[in-house]
Each structure stands twice: as structure tokens, then as C-alpha cells.
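Geometric and topological summary
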Amino acid sequence: MQALRTGSGIREGLVKELYPDAMNRGDAGSEKSLAQALYSFVRAGRLDEAVELCRKAHQPWRAASIRGSLLFQWRAI
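Source: prediction; values computed, not measured.

Overview of the overall build of the chain
Within the chain, the secondary structure is distributed over four helices and zero strands. The order of α-helices and β-strands along the chain, N terminus first, is α-α-α-α. Considering the chain as a whole, with its 77 residues, one finds that 13% of them fall into the buried category. Considering only contacts within the chain whose residues lie at least 6 apart along the sequence, 17% involve residues at least 24 apart. Put simply, the chain shows about 6800 Å² of open surface, and 58% of that area lies on carbon and sulfur atoms.

Here it is, written out as C-alpha cells:
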């Protein structure tokens, strides 16, 4: 109880960093598996599914990056 009063104890849910991705930063395994899944979707041309996966993973900046590639399509390839 003394540790809680003085703030010296470890408390769950307490913000320790002002970094937007602080919750996900320590989980490198899920980051790697997400990147691999996105790579396979993009390589297969399934961009809509890649965007949806980004949204479900709460990473809208990745979804916006993939969506931005739709503006440039080189038909000769």
C-alpha cells in the first residue's frame, strides 16, 4: 500500500512514454508478421486487402501509403 501512495510501485496502464506507438513498440514479432502479410498482399496485387489489414491493425498511416500507390499505375508493366 505504501508503494502505491508514494508512486514507487509498478502500476499497469500508466503511461510511461509520450510516443504514439508505445503500446506496440515492444512487440517486434507482430510487427514482422504484419509486414510479411502486407508484402504478400502487395506482391499478389491484393491492395484492398492490404489496406483493410492495416486498418484492422490500427495503422492508418500504412493504409494511406498503400492507397497512395493506387494513384500511380504504369500500364506498360
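Things to note about the nonpolar core
Membership of the largest hydrophobic core is limited to eight residues, which are Leu34, Leu38, Phe41, Ala50, Val51, Cys54, Ala63 and Ile66. At the level of elements, α2 (28-43), α3 (47-56) and α4 (60-69) are the ones that each hand at least two residues to this core. Excluding anything up to four places from it in sequence, Ala63 contacts Val51, Cys54 and Arg55.

Re the confidence of the model for the chain
Mean pLDDT over the chain: 79, with 61% of residues reaching 70 or higher. Model confidence for the chain, summarised as mean pLDDT per element, is weakest for helix α1 (residues 2-6) at 61 and strongest for α3 at 95.

What to know about the environment of Leu70
You can see Leu70 is positioned in the segment after α4. Leu70 gets classed as partly exposed once you look at its relative accessible area, which sits at 28%. C-alpha of Leu70 to C-alpha of Leu47: the two residues are 23 residues apart in sequence and 8.5 Å apart in space.

Things to note about α3
Listed in full, the buried residues belonging to α3 are Ala50, Val51 and Cys54. With its buried residues spanning 100° around the axis, α3 presents them on a single face. Structural note: α3 exposes Asp48 and Lys56 on the side pointing more than 90 degrees away from its buried face.

Parameters at a glance
For every chain, the first residue of its written sequence is number 1, and the numbers climb from 1 along that sequence. Restriction of local features to residues with pLDDT of at least 70 applies here, the model being predicted, together with a cutoff of 80 or more for giving and counting side-chain atom pairs; totals for whole chains, interfaces and linings are based on all residues. Hydrogens are left out, water is left out, and the side-chain values use all remaining heavy atoms of the structure. Labels follow the DSSP assignment, with helices taken as runs of H or I lasting at least four residues and strands as runs of E lasting at least two, numbered in each case from the N terminus. When a residue's accessible area, from a 1.4 Å probe over protein chains only, is under 20% of the maximum for its type it is buried; when over 50% it is exposed; and in between it is partly exposed. Whether two residues are in contact is decided by their heavy atoms, any of which lying within 4.5 Å being enough. Working definition of accessibility: Shrake-Rupley area with a 1.4 Å probe, residue cover restricted to the visible protein chains. In plain words, nonpolar cores are sets of buried Ala, Val, Leu, Ile, Met, Phe, Trp, Tyr and Cys residues tied together by side-chain atoms within 4.5 Å. One number per residue, pLDDT, summarises how confident the predictor is, and it ranges from 0 to 100. By construction, the arc corresponds to the directions joining the helix axis to the C-beta atoms.

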